[in-house]
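# A structural walkthrough
Listed here are the chains, written in short residue letters.
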Amino acid sequence: MSTTPVTPGLAAMQVAEPGQPLNLVHRALTATPPGHVRVDVAATGMCHADIGTARARGKGVTFPVTPGHEAAGTIAEIGEGVTSWESGNRVAVGWFGGSCGQCTYCRRGDVVHCPQRKIPGLSYPGGWAQTITVPADALARIPDGMAFTEAAPMGCAGVTTFNALREASVPAGGTVAVFGIGGLGHLAIQFAAKMGYRVVTIARGEERTKFAHQLGAHHYIDSTAEDPGTALAALGAADLILCTAPTTGPLEGLLHGLAIRGRLTIIGVDAASLSIPVGQLVMNGQLITGHLTGSALDTEEAMRFAQLNDVKPMTEQMPLAQANEALTRLAAGEARFRIVLDPTDAP
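Calculation criteria
Residues numbered from 1 in each chain as written. Predicted model: local features only at pLDDT ≥ 70, side-chain atom pairs only at ≥ 80, totals over all residues. Heavy atoms only, no water. Salt bridge = Lys/Arg side-chain N within 4 Å of Asp/Glu carboxyl O. Helix = DSSP H or I, 4+ residues; strand = E, 2+ residues; numbered from the N terminus. Buried < 20%, exposed > 50% of the residue type's maximum accessible area, 1.4 Å probe, protein only. 1 Å grid on protein atoms, 1.4 Å probe; cavity = no way out; pocket = protein on both sides within 12 Å on 5 of 7 lines; lining within 4 Å. Points joined across faces, edges and corners; volume = space filled by probe spheres on them. Nonpolar A, V, L, I, M, F, W, Y, C, P; charged D, E, K, R; others polar. Core = buried A, V, L, I, M, F, W, Y, C linked by side-chain atoms within 4.5 Å. Contact = heavy atoms within 4.5 Å. Axes fitted to C-alpha atoms, helices over the stretch in contact; angles between N-to-C directions. Parallel < 35°, antiparallel > 145°, perpendicular 65-115°, else oblique. Left-handed = near helix turned anticlockwise from the far one by under 90°. Polar contact = N/O pair within 3.5 Å; in protein donor to acceptor, adjacent residues only side chain to side chain. Pairing = 2+ DSSP bridges. Patch = residues over 30% accessible without salt bridge, like charges linked within 9 Å, V, L, I, M, F, W, Y side chains within 5 Å. Areas by Shrake-Rupley, 256 points an atom, 1.4 Å probe, with all protein chains shown as cover. Arc of directions from axis to C-beta.

## A short note on the pattern of salt bridges
Across all of its chains, the model carries nine salt bridges by this definition. The residue Arg329 makes a salt bridge to Glu316 at a minimum N-O spacing of 2.9 Å. Separated by 13 residues along the polypeptide, Arg329 in helix H10 (residues 323-331) and Glu316 in strand S14 (residues 315-319) bring together distant segments of the chain. The exposure class assigned to Arg329 is partly exposed, which follows from its relative accessible area of 25%. Between Arg329 and Glu334 there is a salt bridge; the shortest N-O distance is 3.6 Å. According to the relative accessible area criterion, Glu334 is partly exposed, its value standing at 42%. Members of the salt-bridge network, linked through shared partners, are Arg38, Asp40 and Glu77.

What follows is the structure, encoded as structure tokens:
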């Protein structure tokens, strides 16, 4: 355990009060608590969920707020009681930011549903900073050869899509339809193709056809040119429809393209409700489910699979100090496809 005082004044992006933009500040560091590690951040991703975090509104918000739940870097300091990590280890932390380790869910290995589960940026200062301090059980080891800019999005977008696919029980050689090509969707297409499934991509606009095929899709459905549920049924129907876009409206229509005993898994979330044709579900034995994220071990497995099978997040890199501009691009749907902030040269 390191007891050497660290140099104060490392940069972070913070919201000081409701309705205010992010500001670059320099904060002094305190000793790393027992059971925690401090990580020097080399790259930190920007997720659609971060838009709400950066707005810092609603009950229960503790200011100042530092968003960011996709961080990758090297361990700088180890707190008392941590024995499984060493300074210099390359690690990532994602939406799963630690759990109690004692509740029924944790004891079953379902740590992401722990009632006391922590989320970086919400439960404690997040990764839009030059350093982040996290519980040791939140850390995932980055495989050799994977860049920090590739590892950071794997803690949320990567592990979420990877887990949703492998937990869906799709038969070997089955059909997976990915709805949406964004931060989640472009990874879901790659993962599904590398897992050996026939992949159908559904998105808006004919101009995305070539890109979908480059990612590994076997078929592309332009939802502005034809009814996607009908088109999907004409292709033989999907064993899994993975909804990665944060919109609920089209999902009822997509169910027409779901195979008997097929599954619709929702990982892109908005505030709307879903109208479900119950008769169709019952007659066809279909399942509609939500999927959250994965544990630190799941993130490690997602990264290892990605490294072995050449699955890569497509990222735009921007300086940490430009986080406000990056959020604007993200909210406008202009990011292609994951913005990663670089905190290493923050002023």
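And the narrative resumes.
## Thoughts on the layout of surface pockets
Approximately 1,000 Å³ is the volume attributed to the largest pocket. As for the largest pocket, its lining consists of 42 residues, of which His48, Leu184, Thr244, Ala245 and Pro246 are closest to the centre. Elements supplying a minimum of two residues to the lining of the largest pocket: helix H3 (148-166), strand S9 (198-203) and strand S15 (338-342). Here the lining of the largest pocket is composed, by residue class, of 22 nonpolar, 14 polar and six charged.

## Some thoughts on the nonpolar core
With 43 residues, the main nonpolar core has Ile142, Leu165, Val176, Ile181, Ile189, Phe191 and Met303 as its most contacted residues. Those elements giving two or more residues to this core turn out to be H3, strand S8 (175-179), helix H4 (185-194), S9, helix H5 (209-215), strand S11 (238-243) and helix H9 (296-309). A total of eight residues in this core trace back to one element, the largest contributor, which is H3. With residues up to four places along the chain from it excluded, the contact list for Leu165 reads Val176, Ala188, Phe191, Ala192, Met195, Leu240 and Leu242. Within the second largest apolar cluster, 20 residues are counted, among which are Val15, Trp128, Leu330 and Ala335.

## Some words on the packing of H3 against H4
Contact pair H3 / H4: the axes reach a minimum separation of 9 Å and the direction vectors enclose 45 degrees. When the axes of H3 and H4 are compared, the pair comes out oblique. The two elements H3 and H4 cross, and the hand of that crossing is right-handed. Contacts from Met154, Ala157, Gly158, Thr161, Phe162 and Leu165 of H3 reach H4 at Leu187, Ala188, Phe191 and Ala192. Residues belonging to the contact of H3 with H4 are distributed by class as follows: eight nonpolar, two polar and no charged.

## Describing the side chain of Glu150
Position of Glu150 among the secondary structure elements: in helix H3. A polar contact is formed between the side chain of Glu150 and the side chain of Lys312, at a distance of 3.3 Å. Those residues in contact with Glu150, other than ones at most four positions away along the chain, are Lys312 and Pro313.

## Quick word on the pairing of strand S6 (residues 131-135)
Taking burial as the measure, the five residues of S6 include four buried ones, the bulk of the element. Where strand S3 (residues 36-46) meets S6, five bridges bridge the pair, whose relative direction is antiparallel. Within S6, the position partnered with Arg38 by the bridge is Thr133.

## Brief notes about the sheet that holds strand S13 (residues 287-290)
Strand order in this open sheet of six strands is S10-S9-S8-S11-S12-S13, and the pairing throughout is parallel. Two strands bound the open sheet, and with one partner strand each, they are strand S10 (219-222) and S13. Shown here is a sheet whose adjacent strand axes are inclined to one another by a mean of 20 degrees, direction ignored. When S11 meets strand S12 (residues 258-266), the two strands line up parallel, connected through five bridges. Of the residues in S12, the one forming a bridge with Ala238 is Leu258. On the sheet, H3 packs against S8, S11 and S12 and is oriented at approximately 160 degrees with respect to S11.

## Some remarks on a nonpolar patch on the surface
On the surface, Ile276, Val278 and Val282 cluster together into a nonpolar patch covering about 270 Å² of accessible area. Mapping Val278 onto the fold places it in helix H8 (residues 278-284).

## Details of H10
Within the span of H10, buried status applies to Ala323, Ala326, Leu327 and Leu330. The arc that holds every buried residue of H10, seen down its axis, measures 100 degrees, which confines them to one face. For H10, the elements touching its buried residues are strand S1 (10-14), S3, helix H1 (49-55), S14 and S15. Following H10 by one or two positions, Gly333 adopts a phi angle in the positive range, close to 75 degrees.

## Section: the packing of H3 against H9
It is the contact of H3 with H9, at a shortest axis distance of 8 Å, that shows an interaxial angle of 90 degrees. Considering their axes alone, H3 and H9 lie roughly perpendicular with respect to each other. Side by side, H3 and H9 meet where Ala151, Met154, Gly155, Gly158, Val159, Phe162, Asn163 and Arg166 of the first sit next to Asp298, Thr299, Glu301, Ala302, Met303, Phe305 and Ala306 of the second. A per-class count over the contact of H3 with H9 returns eight nonpolar, four polar and three charged.

Fair warning: the whole summary comes from geometry, so function is off the table for now.
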